[in-house]
Amino acid sequence: MEKKQIEEMIELAMGQLAYSYAPYSNFKVGAALLTESGKLYTGCNIENAAYTPTNCAERTAFFKAVSEGERSFQAICVVGGKDGILTEYAAPCGVCRQVMMEFCDPDRFRIILATGIDQYEVFALKELLPLGFGPDNIREV
Ligand code: THU
């Protein structure tokens, strides 16, 4: 991936921290999702007093995009930290990795974890979800 594209995604994801609704954990997360065609969708985590309805930033971005007709994705950038302070990488939870598995090629889809515009690492979905179970596994033969 191009550095300029990565930087744009980090900036967008960091901008989402302002919208994070996390009154229970105070752990703010922002995401920026890049479609195959180059369009960007953002997301933040949205918590709930009943706890389990909480939606992660990554899934907010995916569901926004899918609900607008997108089905093909290149990469997602995730940033997060207590009170929105980025000290270490906020890696996607297992549920979010599974949602990525539904729509993305595990060899090609990239997950960018960042703590700053110049501090990031890029992973393939396959690295973060080895032997993932996806649509191909239940395809009729
Ligand atoms: N969270 C995310 O939004 N994404 C992640 O990758 C990890 C966790 C949120 C869920 C919850 O609002 C808060 O972070 C603490 O778990």
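See the structure above.
Residues numbered from 1 in each chain as written. Predicted model: local features only at pLDDT ≥ 70, side-chain atom pairs only at ≥ 80, totals over all residues. Heavy atoms only, no water.

**Remarks on the overall build of the chain**
For step 1, the next point in the chain: Within the chain, the regular secondary structure consists of 4 helices and 5 strands.
For step 2, the next point in the chain: Relative to a compact globule of 141 residues, whose C-alpha radius of gyration would be 14 Å, the chain shows 14 Å and is just as compact.
For step 3, the next point in the chain: Seen through its principal axes, the chain has C-alpha atoms that stretch 50 × 40 × 30 Å.
For step 4, the next point in the chain: In the chain, which comprises 141 residues, the share counted as buried stands at 43%.
For step 5, the next point in the chain: In the chain, the share of contacts with a sequence separation of at least 24, taken over all contacts with a separation of at least 6, comes to 62%.
For step 6, the next point in the chain: Accessible area of the chain: about 7,800 Å², with a carbon and sulfur share of 52%.
For step 7, the next point in the chain: Each charge class in the chain was averaged separately, 13 positive and 19 negative side chains, and the resulting centres sit 2 Å apart. (Helix = DSSP H or I, 4+ residues; strand = E, 2+ residues; numbered from the N terminus. Rg over C-alpha atoms; globule rule 2.2 N^0.38 Å. Buried < 20%, exposed > 50% of the residue type's maximum accessible area, 1.4 Å probe, protein only. Contact = heavy atoms within 4.5 Å. Areas by Shrake-Rupley, 256 points an atom, 1.4 Å probe, with all protein chains shown as cover. Lys, Arg positive; Asp, Glu negative; His and termini not counted. Charge placed at Lys NZ, Arg CZ, Asp CG, Glu CD.)

**Focus: the state of the cysteines**
For step 1, the next point in the chain: Tallied over the full model, the rule gives 0 disulfides.
For step 2, the next point in the chain: A disulfide-free cysteine, Cys 44 has its sulfur positioned 11 Å from the sulfur of Cys 56, the nearest such atom.
For step 3, the next point in the chain: Looking at Cys 44, the relative accessible area reads 9%, which means it is buried.
For step 4, the next point in the chain: Here Cys 93 stays free of any disulfide, with the sulfur of Cys 96 as its closest cysteine sulfur at 3.8 Å.
For step 5, the next point in the chain: A residue is classified by how much of its surface remains accessible, and Cys 93, at 31% relative accessible area, is partly exposed. (Disulfide = S-S within 2.5 Å.)

**Concerning the nonpolar core**
For step 1, the next point in the chain: One finds Leu 33, Phe 62, Phe 73, Ile 76, Met 100, Phe 109 and Ile 111 to be the most contacted residues of the largest nonpolar core, which totals 24 residues.
For step 2, the next point in the chain: The leading source of residues in this core is helix α2 (residues 57-66), at 5 residues.
For step 3, the next point in the chain: Once residues lying within four places of it in the same chain are set aside, the contact partners of Phe 73 are Leu 33, Leu 34, Thr 35, Glu 36, Phe 62, Ala 65, Val 66, Phe 103, Cys 104 and Phe 109.
For step 4, the next point in the chain: Counting residues in each nonpolar core, the second largest holds 13 residues, with Ile 6, Ile 10, Val 79 and Ile 112 among its members. (Core = buried A, V, L, I, M, F, W, Y, C linked by side-chain atoms within 4.5 Å.)

**Thoughts on the pattern of salt bridges**
It is possible for side chains bearing opposite charge to pair when their charged atoms get close.
For step 1, the next point in the chain: Summed over all chains, the structure comprises 5 salt bridges.
For step 2, the next point in the chain: Between Lys 126 and Asp 107 there is a salt bridge; the shortest N-O distance is 3.2 Å. Within this pair, whereas Lys 126 is found in helix α4 (residues 125-128), its partner Asp 107 is found in the loop between α3 (94-103) and β4 (110-116), the two being separated by 19 residues in sequence.
For step 3, the next point in the chain: Residue Lys 126 is classed as partly exposed on the basis of its relative accessible area of 46%. (Salt bridge = Lys/Arg side-chain N within 4 Å of Asp/Glu carboxyl O.)

**Considering the packing of α2 against α3**
For step 1, the next point in the chain: Two elements in contact, α2 and α3, have axes separated by 9 Å at closest approach and are oriented at 25°. Overall, the two elements α2 and α3 adopt an arrangement that is roughly parallel. Remark: the crossing between α2 and α3 carries left-handed chirality. Residues Glu 58, Arg 59, Phe 62, Phe 63 and Val 66 of α2 lie in contact with α3, whose contacting residues are Val 95, Cys 96, Val 99, Met 100 and Phe 103.
For step 2, the next point in the chain: Residues of the contact of α2 with α3, tallied by class, amount to 8 nonpolar, no polar and 2 charged. (Axes fitted to C-alpha atoms, helices over the stretch in contact; angles between N-to-C directions. Parallel < 35°, antiparallel > 145°, perpendicular 65-115°, else oblique. Left-handed = near helix turned anticlockwise from the far one by under 90°. Nonpolar A, V, L, I, M, F, W, Y, C, P; charged D, E, K, R; others polar.)

Read these as layout, nothing more, since geometry by itself doesn't imply function.
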